[in-house]
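One letter stands for each residue in the lines below.
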Amino acid sequence: MEWSDNEFDELAAQLRDEVGSEFRLEAEALEEDAAKLVLRRRTLEDIAVELMNRGDEIGATGARMTISGVITHAAGDLAIIETSHSTVSVNLAGPVSLRVVRRARAGGRGRANGSPTYRSRMLELEMSGELVEIVSPLSSDPFVGTISVVGVDHVVVIDRDQHEQFVPLSAVAFTLQR
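This is a predicted model, so every value here is computed, not measured.

Draft legend 1. Layout of the sheet that holds strand 5 (residues 97-102). Across the sheet, 10 strands lie side by side as 5-1-2-3-4-10-6-7-8-9; this open sheet has antiparallel pairing. The sheet is open, and its two borders are formed by strand 5 and strand 9 (164-168), each paired with just one other strand. Neighbour-to-neighbour, the strand axes of this sheet turn through a mean angle of 45°, independent of strand direction. Against the sheet, helix 2 (residues 44-54) makes contact with strand 1 (57-62), strand 2 (65-75), strand 3 (78-82) and strand 5, and its axis sits at roughly 90° relative to strand 2, the strand it touches most. In the packing of helix 3 (residues 118-128) onto the sheet, contacts are made with strand 3, strand 4 (87-91), strand 6 (132-135), strand 7 (143-150), strand 8 (154-158) and strand 10 (174-177), and the angle to strand 7 comes to roughly 100°.

Next up, the structure:
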């Protein structure tokens, strides 16, 4: 059988289309796998930094309480959220979840100097002596008082009646400064 130039060109075009289509589908699958791998390697800190950089309004939920605002600092297991009423230190290693309330159209901020961890933030609040509310699923009400000591794995809160409350850091969702 002899092939005409036209038949040969048609066969070549058909083979190119089929092989090209297979390569495109394989490339798309590889790109999808690579994107999923990137998502699997992210930490909650990475997500908090991304939300801060974009300037999104976020909601942080822990112990049946949700706070909304913009992340102004994120490092290690700490995210600081400014709300209309308070500054909230979120323990990213604690019992919390984050969600985007509203995407920012512009703005955001880069990383700045600040506390590198949630524990170091608690040490700052201990030194300040200011009144705080520590939100934890261990209690239906926040622990309200001043932080007298930040231990290796806990904080000691002195309430208005001078009673000590020992709260594990791992059980703290967030700390509010009013």
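From this point on, the discussion continues.
Draft legend 2. Up close: the environment of threonine 66. By the secondary structure assignment, threonine 66 is in strand 2. Counting along the chain gives 31 residues from threonine 66 to serine 97, while the straight-line C-alpha distance between them is 9.3 Å. Those residues in contact with threonine 66 that sit more than four places away from it in its chain are Gly59, Ala60 and Thr61. Within the local environment of threonine 66, its side chain forms a polar contact with the side chain of threonine 61, the two groups lying 2.8 Å apart.

Draft legend 3. Focus on the nonpolar core. Membership of the largest hydrophobic core comes to 19 residues, with the highest contact counts inside it found for Ile71, Ile81, Val88, Val90 and Phe174. Looking at this core, the elements that each hand over two or more residues are helix 2, strand 1, strand 2, strand 3, strand 4 and strand 10. Considering every element that reaches this core, the biggest residue donor is helix 2, with 4 residues. Counting residues in hydrophobic clusters, the runner-up holds 15 residues, among them Met122, Leu125, Val150 and Val155.

Draft legend 4. Representation of the pairing of strand 8. Of all 5 residues that make up strand 8, 4 are buried, and the element is covered over most of its length. Two strands pair when backbone bridges link them, and strand 7 and strand 8 are joined in this way by 4 bridges, in the antiparallel orientation. Of the residues in strand 8, the one forming a bridge with isoleucine 147 is valine 157. Taking the residues between adjacent antiparallel strands as the criterion, strand 7 and strand 8 are bridged by 3 residues. The pairing of strand 8 with strand 9 spans 5 bridges and is antiparallel. Note on strand 9: the bridge partner recorded for histidine 154 is proline 168. With antiparallel pairing between neighbouring strands as the criterion, strand 8 and strand 9 make up a hairpin whose turn holds 5 residues, including glutamine 162 at a positive phi of roughly 65°.

The rules behind each value
- Residues numbered from 1 in each chain as written.
- Predicted model: local features only at pLDDT ≥ 70, side-chain atom pairs only at ≥ 80, totals over all residues.
- Heavy atoms only, no water.
- Pairing = 2+ DSSP bridges.
- Helix = DSSP H or I, 4+ residues; strand = E, 2+ residues; numbered from the N terminus.
- Axes fitted to C-alpha atoms, helices over the stretch in contact; angles between N-to-C directions.
- Contact = heavy atoms within 4.5 Å.
- Polar contact = N/O pair within 3.5 Å; in protein donor to acceptor, adjacent residues only side chain to side chain.
- Core = buried A, V, L, I, M, F, W, Y, C linked by side-chain atoms within 4.5 Å.
- Buried < 20%, exposed > 50% of the residue type's maximum accessible area, 1.4 Å probe, protein only.

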